[in-house]
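Structural features, examined
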Protein chains: 6
Amino acid sequence: MARTINITIINPITGNIRLSKPQIDRLCRPGVSITEAPVTAGPPSIESRVDGAMAVPGMIATALQAERDGAHALVIGCMSDPGLDALREAVAIPVIGLAQTSMATAATLAHSFAFVTVLNRVVPILRDNASQCGFERHYAGCRALDIPVLEIHSRAPEEVQDRLGRLSLELVEQAGAGAIILGCGALLGCADDIQEYLAARGVLVPVIDPLPTAVAFAVTLVEQGLSHSRISYPQFQMKPYTGYGFVGGMHG
Amino acid sequence: MARTINITIINPITGNIRLSKPQIDRLCRPGVSITEAPVTAGPPSIESRVDGAMAVPGMIATALQAERDGAHALVIGCMSDPGLDALREAVAIPVIGLAQTSMATAATLAHSFAFVTVLNRVVPILRDNASQCGFERHYAGCRALDIPVLEIHSRAPEEVQDRLGRLSLELVEQAGAGAIILGCGALLGCADDIQEYLAARGVLVPVIDPLPTAVAFAVTLVEQGLSHSRISYPQFQMKPYTGYGFVGGMHG
Amino acid sequence: MARTINITIINPITGNIRLSKPQIDRLCRPGVSITEAPVTAGPPSIESRVDGAMAVPGMIATALQAERDGAHALVIGCMSDPGLDALREAVAIPVIGLAQTSMATAATLAHSFAFVTVLNRVVPILRDNASQCGFERHYAGCRALDIPVLEIHSRAPEEVQDRLGRLSLELVEQAGAGAIILGCGALLGCADDIQEYLAARGVLVPVIDPLPTAVAFAVTLVEQGLSHSRISYPQFQMKPYTGYGFVGGMHG
Amino acid sequence: MARTINITIINPITGNIRLSKPQIDRLCRPGVSITEAPVTAGPPSIESRVDGAMAVPGMIATALQAERDGAHALVIGCMSDPGLDALREAVAIPVIGLAQTSMATAATLAHSFAFVTVLNRVVPILRDNASQCGFERHYAGCRALDIPVLEIHSRAPEEVQDRLGRLSLELVEQAGAGAIILGCGALLGCADDIQEYLAARGVLVPVIDPLPTAVAFAVTLVEQGLSHSRISYPQFQMKPYTGYGFVGGMHG
Amino acid sequence: MARTINITIINPITGNIRLSKPQIDRLCRPGVSITEAPVTAGPPSIESRVDGAMAVPGMIATALQAERDGAHALVIGCMSDPGLDALREAVAIPVIGLAQTSMATAATLAHSFAFVTVLNRVVPILRDNASQCGFERHYAGCRALDIPVLEIHSRAPEEVQDRLGRLSLELVEQAGAGAIILGCGALLGCADDIQEYLAARGVLVPVIDPLPTAVAFAVTLVEQGLSHSRISYPQFQMKPYTGYGFVGGMHG
Amino acid sequence: MARTINITIINPITGNIRLSKPQIDRLCRPGVSITEAPVTAGPPSIESRVDGAMAVPGMIATALQAERDGAHALVIGCMSDPGLDALREAVAIPVIGLAQTSMATAATLAHSFAFVTVLNRVVPILRDNASQCGFERHYAGCRALDIPVLEIHSRAPEEVQDRLGRLSLELVEQAGAGAIILGCGALLGCADDIQEYLAARGVLVPVIDPLPTAVAFAVTLVEQGLSHSRISYPQFQMKPYTGYGFVGGMHG
């Protein structure tokens, strides 16, 4: 196990939202190297299923390149898990979805879970993803800050944290949630504060930050020599895809 | 209801497999006009989830254009329903998936259903789609001819029909299927023969041909003034998608 | 397709509520003929499962007669789908239930649905039907006007429409419904107004009128040569049923 | 508890199959009186859903009369539970279904159950009933003797018992059943022999005879002062049902 | 049936809460003998899963002894069904759980059920038990008096009854429960009063008292010669368990 | 993250089967310390639910002591997850079950999974655990070597590996499993060989070794500051448990 484990986080958007050096450092552990791989085609941000669909071709190209470049596992850096099934057909190394992994973790620690997120718009996407991953029984709800993603960073952090805490408390007390999952990448790093907000009110529930949870799961899979099943995700056959100049590298 | 109802079948592949004039004529009814709309980007055929994902951006562009051009409903011309959710966000007119509609029809007529298809490779895709559409309880199995799609037309039609009939009979007698769904567009038009093959052996089950079933459902929705729910599929916001020259029309 | 498709709507009640000529005309399309077939025995109206059960023997007689008379498909004219399974055993032509078809349609267009109906009394009947048809996951609730059926037509239509609109809005906003189904035949024709009421408040959800939806589905099945599965609904054997003078015709 | 508990078994058929005196005696316990109540209208036997539907109006009349006559609970004497929901609306005393009660008992004693029955024809009826009662997860299958009901008594009992034993063994070993339920009233009294047949082969599973199990459950409900919920089964309102001379007594 | 049926209620706690003579008498019927068997090791009361786990070894010893002493069936006297699976492996005679039996009964009489209990603390235990027994679809909720168990008997009985009635009414009207189950042994005997409280307010739902319901079910199983399935609960093999002096009798 | 993470594996049996030094070393990673904690009371091995139940009191004592001694997370070292719920009530640090974690992992990587295990006897235990953890939809079966556990090490390793490989292949090809889970602690370390056996036959599925997977998950939870939900697993209250001398330490 002396080798370094290379985890590539596929950033599916073309906007300039990138993980900072400290954010990446916090994801690392000894023997693990984290790279964020950009897409050369795709949406500026993902706030709809259309945005998600527009991200996948670029992600496939990035995933194929990352595997060629020696990545040991891929993490899809978006809470709607865009392209999860397709990427698993595309590469042999493990491909991890933030939402799927977070929901599996939450369902292991509590009888139910709920999401806090930024935009009301994504509620049906998260709910459907819960249902399609087999967690409809565990899904207790989703509440949104209803602040535009780009505005979040212009708000006072205490205000955002306080609202996240209150939404989470409502989800526990009114919707019966037993765990909370951060439902948007923009909330990266907020889990501890919410967990403390709730604990200060006597509510001891896990608050799951999807990215570090998914990265750790990816490392575990690599260490264990595990990947997704080829029975469930048969290997795809490359074809000449028309109109995707940016994925030319796929054909090489 | 004197107006003509325009149904656009989105052909998600760039290969030269197109509906023939007689095939389109058989789909028509008085007052209904059927158009097959091509994509300008995408895969030559769809045999994997990667292929499906590579089709969706082009399909979104085609869908937006078709809606602007006066289509009253869209039918996605592929049994894996690629982009169904995204297209519903993209347009206000009804978007119909072959698999979803066929499974809903089958589950209405029988306690369970099964697919016959061409390639073994797509079995997990059809099974997962059944599960994600909420039909895991009705799904009884899927068996494949295991003939390359392009070879089908070089085989004697009787041989293909006979093998389809036998697979269907096995699905009824061994897997307990109460209905059969054609699981590949290349089988368009085979349903009646299979139904007769089975009936000749005393097995009276519906054999569903997805494309005409979906077109008829699309017409019904238009006539009834129904479309998908914006609660479930909120309208997307157009954004500048990088790298998709072919969807330039989207921005106009 | 030059032949006329004959759809028979079985009216399961002996009361004098019949479809009007304009109502039938609105259900028709070119090449389709709609007949409403009465029962010679049964309840004056259906407001309970007992009423439903008292309707079925007469409906079986009517269904057998309609099939002999050349009907190509039958639609059961009651939202509790009385006798759906039995009629499918009795005849070979398709038998369509209003509730089953509406729920399948709604579940195809939205992640969940709810009913608006007239009487509180039928709420458990509709809910159980949803569950028994396999839609318990999609069922979001049922709210009733709580006006006696016979009084509806003495109320100002605007008042009824307004209350239907408000109930529907509550079902969307409070119960999370993604689609609305009219849960009583007395509401025939109200779907458009409710859909507009909701749309005027920014809520774009399909409101399904079961009768036209079911008639259109019946036509589709006839056109496609489809009927219910004999694996799921084996053909019944006629027997001498004691005490049913009115079904004497069954024995002929 | 000095009063006698009167249990009425509603025999839904007009044929001359009646419980014998010894059969009734075996169902009795101290303080319990068992009556078999005939219907004055209905089918000669129940082998289809049509037969079941033709039985229910007569059963409603019989049920209402039995309640007026002082019955404390009703048991529906047919494995397809015809009219269970309607009868619960009709009377306030408990109404017990053989299949529902047997399946609830089996699901309490084993992780799954299967039926042995007489006719292949009823397999879909029993399977659907399992599903509609919420036991689809427990249902492991159904196998039939495939002997006409009326012929059973002309066969050597050892032959019938032996075939029942073998079918049950197959259901345990091949279909994974953890319990067996007798799926036809004609098998009344065969449970012990099947249980012994299996035990002699090292297979210790409960074999449930529905009628005595249901009678005992009915007695328990009466003793406990329990009946079905009026929230789930609201009381019906009597109406003038046309064409049912035989239920004239209903109107008195 | 002249023999006496011996039912042993295993009291899993070491505290001095025992059934009174009148309570046991009310459980008896002619030909039935009820014994309450204590454990020699275990918790003073069961208010947590830890308490439940600490009860099971002693219960196994008691169960083995009771079977040797001629018991025909065992009832586990605690609403969390501690050790139900293990005891079924340990003995061949039927082992009945209060919660499992009550939920099966409630699900037979109503479309859903809810619990009223004493401590908020046990809500997740009852909810999880409902889910694990396959009743998650029927579970409508659980509300607690939130009075310490030992204080209950020092409160005015009318006050307790009134609060139980109000909680039950809320569960029906707000949570949609169709039946109520008493969720704590300390409430033994309260079912009739709650049922009357609800009936006086026009709400006719069964209120199930688990202990008498379970005892009656145990008697029924003995009379029918039924027990749990050895396919589902294979017989255990006795081993030398270290540290359980009190179960020395197990080895004899 | 400079601190060492202490993971305690609770060995629930009193037999002398302990993890070897190399086995523990393979579980370790930099910054992680693994301890195996014995119980002072319990069964010599766990092959039944009785054995499991006899293990839990001792495990609770060990868990409380381990938490006091500075453990950061506990792993229950047995594939039937004995005491998982109770231990989560007992301690605040994460408690991980081998089966629950393995099934959550498998369900994330494949559409279904199956177990290979040693004894036929435990098949119902693993199947029920799958069902109770919410994975009944993913459970594809369980096949056993049917060799006594203690004999395994006396057999030629190649023979055991070969049989494990063949059983796994059958589970994939006949039962449709998409992943394999080792269903017995005695198989620790066999996953790689089975995975290679299958890969050599063209079957690429993950084979999950529960212990290292669970240890890695435990480390992840500690790193993320996550534990089980107190909403789902409320903290227990210590009581004077009679007869458990060995858990005297609990009272200190």
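The model shown is predicted, which means the values in this text are computed figures rather than measured ones.

What counts and how
- Residues numbered from 1 in each chain as written.
- Chains lettered and ligands numbered in written order.
- Predicted model: local features only at pLDDT ≥ 70, side-chain atom pairs only at ≥ 80, totals over all residues.
- Heavy atoms only, no water.
- Phe/Tyr/Trp six-rings, centres within 6.5 Å; stacked < 30°, edge-to-face > 60°.
- Buried < 20%, exposed > 50% of the residue type's maximum accessible area, 1.4 Å probe, protein only.
- Domains from an automatic or database assignment.
- Buried area = accessible area lost by both parts, 1.4 Å probe.
- Salt bridge = Lys/Arg side-chain N within 4 Å of Asp/Glu carboxyl O.
- Polar contact = N/O pair within 3.5 Å; in protein donor to acceptor, adjacent residues only side chain to side chain.
- Helix = DSSP H or I, 4+ residues; strand = E, 2+ residues; numbered from the N terminus.
- Nonpolar A, V, L, I, M, F, W, Y, C, P; charged D, E, K, R; others polar.
- Contact = heavy atoms within 4.5 Å.
- Right-handed = clockwise from strand over helix to strand, strands pointing away.
- Pairing = 2+ DSSP bridges.
- Expected span 1.5 Å × (residues − 1).
- Axes fitted to C-alpha atoms, helices over the stretch in contact; angles between N-to-C directions.
- Disulfide = S-S within 2.5 Å.
- Least-squares fit on C-alpha atoms with pLDDT ≥ 70 in both.

Now for the packing of aromatic side chains. A full pass over the atoms with the stated rule returns 21 aromatic pairs over all chains. On the basis of an interplanar angle of 80 degrees and a centroid distance of 5.8 Å, the ring pair of Phe 113 of chain A and Phe 115 of chain A is categorised as edge-to-face. Each of the two residues, Phe 113 of chain A as well as Phe 115 of chain A, counts as buried. Note on Phe 115 of chain B and Tyr 139 of chain B: the rings are 6.3 Å apart at their centroids and 40 degrees apart in plane angle, and the pair reads as tilted.

What follows is about the domain arrangement of chain A. All names here are of chain A. What the domain assignment reports for chain A is domain 1 (5-97 + 211-250) and domain 2 (99-209). The C-alpha-based centres of domain 1 and domain 2 are spaced at 23 Å. For the domain 1 and domain 2 pair, buried surface summed over both sides reaches about 1500 Å², with 58% attributable to carbon and sulfur atoms. On the domain 1 side of the interface with domain 2, the three residues burying the most area are Glu 47, Arg 49 and Met 79, jointly 42% of the side's total. At the surface where domain 1 touches domain 2, the tally comes to one salt bridge. One salt bridge connects Arg 49 with Asp 128, and the closest N-O pair in it is separated by 3.2 Å. There are nine residue pairs in polar contact (both at pLDDT 80 or more) connecting domain 1 and domain 2. It is helix α9 (residues 210-224) that provides the largest number of residues to the side of domain 1 that touches domain 2, a total of five residues. Along the lines of polarity and charge, the residues of the side of domain 1 that touches domain 2 split into nine nonpolar, five polar and four charged.

Let us look at the interface of chain D and chain C. At the junction of the two partners, chain D supplies 45 residues and chain C supplies 46 residues. The largest per-residue losses of area from chain D upon contact with chain C belong to Arg 49, Val 50 and Met 54 of chain D, which jointly make up 19% of the total buried on that side. In this assembly, chain D and chain C are joined by 24 residue pairs in polar contact (both at pLDDT 80 or more). Residue assignment for the side of chain D that touches chain C shows that the elements contributing at least two residues are α2 (49-68), α3 (84-90) and α5 (123-132) of chain D. Looking at the side of chain D that touches chain C, the element that brings in the most residues is α2 of chain D, giving ten residues. Residue composition of the side of chain D that touches chain C, by class: 25 nonpolar, twelve polar and eight charged.

For the rest of this paragraph, the subject is the side chain of Asn 129 of chain F. Here Asn 129 of chain F lies in helix α5 (residues 123-132). For Asn 129 of chain F, the contacting residues outside a window of four places in its chain are Met 79, Ser 80, Asp 81, Ala 99 and Met 103 of chain F.

Turning to the pairing of strand β1 (residues 5-10) of chain F, a few remarks are in order. Residue and element names in this part refer to chain F. Burial runs high along β1: five of the six residues are buried. Viewed along the sheet, the connection from β1 through helix α1 (residues 21-27) into strand β2 (residues 32-37) turns out right-handed. When β1 meets strand β3 (residues 73-76), the two strands line up parallel, connected through four bridges. Pairing of Ile 9 across the sheet is with Val 75, part of β3.

All names here are of chain B. With 17 residues, helix α7 (residues 157-173) extends 24 Å between its outermost C-alpha atoms, agreeing within 8% with the 24 Å of an ideal straight helix rising 1.5 Å per residue. Those residues of α7 that sit buried are Val 160, Gln 161, Leu 164, Gly 165, Leu 167, Ser 168, Leu 169, Leu 171 and Val 172. Looking at the buried residues of α7, the elements they touch are β5 (113-117), β6 (139-144), α6 (149-152), β7 (180-182) and α8 (191-199).

All names here are of chain F. Read from one edge of the open sheet, four strands run β2-β1-β3-β4, paired in parallel fashion. In this open sheet, the two strands that pair with only one neighbour each are β2 and β4 (95-97). Each adjacent strand pair in this sheet contributes to an overall mean axis angle of 25 degrees, direction not counted. In terms of strand pairing, β3 meets β4 through three bridges, oriented parallel.

This brings us to the state of the cysteines. Scanning all chains against the criterion turns up zero disulfides over all chains. A disulfide-free cysteine, Cys 133 of chain A has its sulfur positioned 13 Å from the sulfur of Cys 78 of chain A, the nearest such atom. Cys 190 of chain B takes part in no disulfide bond, and the closest cysteine sulfur to it belongs to Cys 184 of chain B, at a distance of 9.6 Å.

Attention now moves to the relation of the copies chain D and chain C. For the match of chain D to chain C, the screw axis carries a shift of 0.0 Å, the RMSD comes to 0.0 Å, and the turn is 180 degrees. Taken together, the rotation and translation describe the operation of a two-fold axis. When C-alpha positions in chain D are compared against the rotation axis, the closest is assigned to Gln 132 of chain D, at 2.5 Å.

For Asp 81 of chain D, which is not glycine, the phi torsion reads 50 degrees and is therefore positive. Relative to the elements of secondary structure, Asp 81 of chain D occurs in the loop between β3 (73-76) and α3.

The next point concerns the sheet that holds β7 of chain B. Residues and elements named next belong to chain B. Strands sit in the order β6-β5-β7-β8 across an open sheet of four strands; the sheet is parallel. Every interior strand has two partners, whereas the edge strands, β6 and β8 (207-208), have only one. Pairing of β5 with β6 involves four bridges; the strand directions are parallel. Within β6, the residue paired with Phe 113 across the bridge is Tyr 139.

Turning our attention to the environment of Arg 68 of chain D. Summarising the element assignment, Arg 68 of chain D is placed in helix α2. Using a relative accessible area of 48% as the deciding quantity, one classes Arg 68 of chain D as partly exposed.

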